[in-house]
Amino acid sequence: MTRDDPSAASPLLSVRDLTTRFYTDAGVVSAVDGISYDLAAGDTLGIVGESGSGKSVSVRSIVGLIEEPGRIDAGTVHWKGTDLVGASDRDLRAIRGAEIGMVFQNAQAAFDPTYTVGEQLIEAVRAHRDLSKAAAREEAQALLEEVGIPNAAQNLDNYPHEYSGGMAQRAMIAMALAGEPELLIADEPTTGLDVSIQAQIIELFRRLVEEREMALILISHDLGVVSQVCERFLVMYAGRIAERGSREQLLTDPKHPYTQLFLESIPDVDTVDDLASIPGTPPNLLEPPSGCRFHPRCPKADRGLCDVDPPPEIDFEAGHAASCYVYTDDYDGPAEDVPTPEADR
Amino acid sequence: MATDTTTRPAVRRARRFLARFRKNRLAVIGATVLGLFLVVAIFAPQIAPYDYAATNVPERLEGPSATHPFGTDQYGRDIFSRVVYGARIAFQVAVATPLVAMLVGVPVGLLSGYFGGRVDDVLMRLMDSIFAFPSILLGLTLVAIFGQSLTNIIIALGIVFIPQFARITRGSALSVSKEAHVKAARSMGASHARILAFHVLPFCMSAILVQASIVAALAIILEASLSFLGVGVPPPRPSWGAILRVGKGFVSSGQWWYSVFPGLAIVFSVLGFNLLGDGLRDILDPRTGPNQ
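Residues numbered from 1 in each chain as written. Chains lettered and ligands numbered in written order. Predicted model: local features only at pLDDT ≥ 70, side-chain atom pairs only at ≥ 80, totals over all residues.

A. Quick peek at the overall build of chain B. Within chain B, the regular secondary structure consists of eleven helices and zero strands. When the helices and strands of chain B are listed from N to C terminus, the series reads α-α-α-α-α-α-α-α-α-α-α. Along the longest, intermediate and shortest principal axes, the C-alpha atoms of chain B span 75 × 45 × 30 Å. Taken across its 292 residues, chain B has 45% of its residues classed as buried. (Helix = DSSP H or I, 4+ residues; strand = E, 2+ residues; numbered from the N terminus. Buried ≥ 20, exposed ≤ 12 C-beta atoms within 10 Å, placed from the backbone.)

Shown next as structure tokens:
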């Protein structure tokens, strides 16, 4: 059952068949549908995909932060050997912030506007470590310095709204580091920041991962962002893993048609006038397509095969696998009806 | 040095509040009026020229004069002294009633708004069932059950106002609970209790305080109403409503001062709390930032 990293005897994090559904008034939404992966200590994993592909839900499920009406319906999440699915709130709380730190998009909103950043950092430090107020303040200041905030001592006493977007994101990262986590989960940490700040934050992640020897899960819709930090990738589509592999494997030899189209749709200077896009829209997860969830938009879809059962995961070289029928013997080539934007309506 | 720097944000908050308070005319007027009443209530023995219960039949039903600024009642008791002592009762009711109501209403509202779902349904329907009774009727019934005394009136009125605090708190808690910083606090490993106390309640405080000043005003009116109906603070203690009740019988025979002065006392104290409440609402919104 070792999927990604055969060398890891006992991975830090082992997710198996994780399925999270939301029981909304409109119906059941399968946000995450049976995903599995492993993460060893110090690993850097990037999860990429469009909005609504289940990236965020998949990591929130790990630490039990799924809110009503969501529920983890199946699967296990083993963190250092213990299953976190169904763990008590008390046990999960002891892990959140301490062993697993989290960083979100829009860091400014992640701070309570009624307290200074320093007060909140000190609270976070003292929540996980037994320190005096003065020692916690020193630690908070050291954390701000570590994430590259200038004048850390003064900035401790500033309110979140007095921080710029980039500073707030750095402070949020400092907050996530307060418990000295072994795994940092960053959910779209650079979204909403301008490009030069994005690059600085990315650089910060790279440095922190190296210096602190912690594992990182970086979620982004932007492959460029993820590829600068992460060694390994998961490509998610409609709640399932489409393809997994190392950075080189995915960037130079993508196997899944979705990954291929995803890579082509990244703008670069030469193609600015003729930007490729994936036809169609992401599927409605209230009524997901049968078979491979990408088949309505897939240029290689084989009707009668791809739209029947979920595709098997095909292994290529070490750690590189894609869930696609194209690489099976049953595949007969694309069907006549080439997908159009209306195909999934 | 370390303690100095860690207390600074709190000091800054207090300074900012005072600066905003001073700039708000409504709040200042309300606070001034209430301040005057408070001084009167505290120093009632020094201010009142007569014992509020001392009868003096020869001087009965005299109009306002230098010796009796508010006139006298049918037993010759000095109405000014009675109104001054009445301020004590009014203020005890105005301060204690919101506190009693908040003690239950705020936790109910916090739990309801934060957890939502079934917890919310059960708690809010419970509050609705209290709300369903007209407040006078409920107050009347509760006083009848508990027995007539100042403490019992405060408890009864406190129960009457529980749903108001529960609803106000719930509304704020509901919207704050959806905000990113609450979710972030969860992801940092904070417990529900901690989040409610430190990251949800502060956002509800402005609404709660405004509500408290409004309830204080309503409590004065309701206590006066209960006294007017004869189930208020037992005589001879001079509740404004009780003076009004007896005084109304003398309005048609020309002794207007008997009921006008306690009436004015009710009007101004209620106005003071309402003005203060309106002012506080403008001042206390944590999201309006420091430059407002």
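Moving on, there is more to tell.
B. Region of interest: helix α4 (residues 79-115) of chain B. Residue and element names in this part refer to chain B. Here α4 is 37 residues long and its end C-alpha atoms lie 53 Å apart, about the 54 Å a rise of 1.5 Å per residue gives. Of all the bends in α4, the greatest, near 40°, is centred on Met102. By the criterion of burial, α4 is predominantly enclosed, with 28 of the 37 residues buried. In the stretch just after α4, Gly116 is the one whose phi turns positive, near 60°. (Expected span 1.5 Å × (residues − 1). Bend = angle between axes of the 7 residues up to and from the residue.)

C. Region of interest: the pairing of strand β7 (residues 183-187) of chain A. All names here are of chain A. Burial within β7 is extensive, with four of its five residues counted as buried. Note: strand β6 (residues 100-103) against β7, four bridges, orientation parallel. Residue Val103 lies in a different strand from β7, and its bridge partner there is Ala186. As paired strands, β7 and strand β8 (residues 215-220) are joined by five bridges and run parallel to one another. Each residue of the ladder has a partner; that of Ile185, found in β8, is Ile217. Read from β7 through helix α8 (residues 195-212) to β8, the crossover connection turns out right-handed. (Pairing = 2+ DSSP bridges. Right-handed = clockwise from strand over helix to strand, strands pointing away.)

D. View of the environment of Ile122(A). Residue and element names in this part refer to chain A. With respect to the secondary-structure elements, Ile122 resides in helix α4 (residues 117-128). When the C-alpha positions of Ile122 and Asp112 are compared, they lie 13 Å apart, and in sequence the two are ten residues distant. Residues within four places of Ile122 in sequence aside, it is in contact with Lys133, Ala136, Arg137 and Ala140. (Contact = placed C-beta atoms within 7 Å.)

E. Region of interest: the environment of Ala242(B). Residues and elements named next belong to chain B. Turning to its location among the elements, Ala242 is positioned in helix α10 (residues 240-251). Among the residues examined, Ala242 registers 26 C-beta atoms within 10 Å and is labelled buried. The spatial distance from the C-alpha of Ala242 to the C-alpha of Ala94 is 16 Å, given a sequence separation of 148 residues. Once you skip the residues sitting within four places of it in the chain, Ala242 turns out to touch Ser227, Gly232, Val233 and Pro235.

F. A look at the interface of chain B and chain A. Taken together, the 21 residues of chain B in the interface contact 28 residues of chain A. Among the secondary structure elements, those contributing two or more residues to the side of chain B that touches chain A are α1 (2-23), α8 (180-187) and α9 (192-228) of chain B. Looking at the side of chain B that touches chain A, its residues break down into eight nonpolar, nine polar and four charged. (Nonpolar A, V, L, I, M, F, W, Y, C, P; charged D, E, K, R; others polar.)

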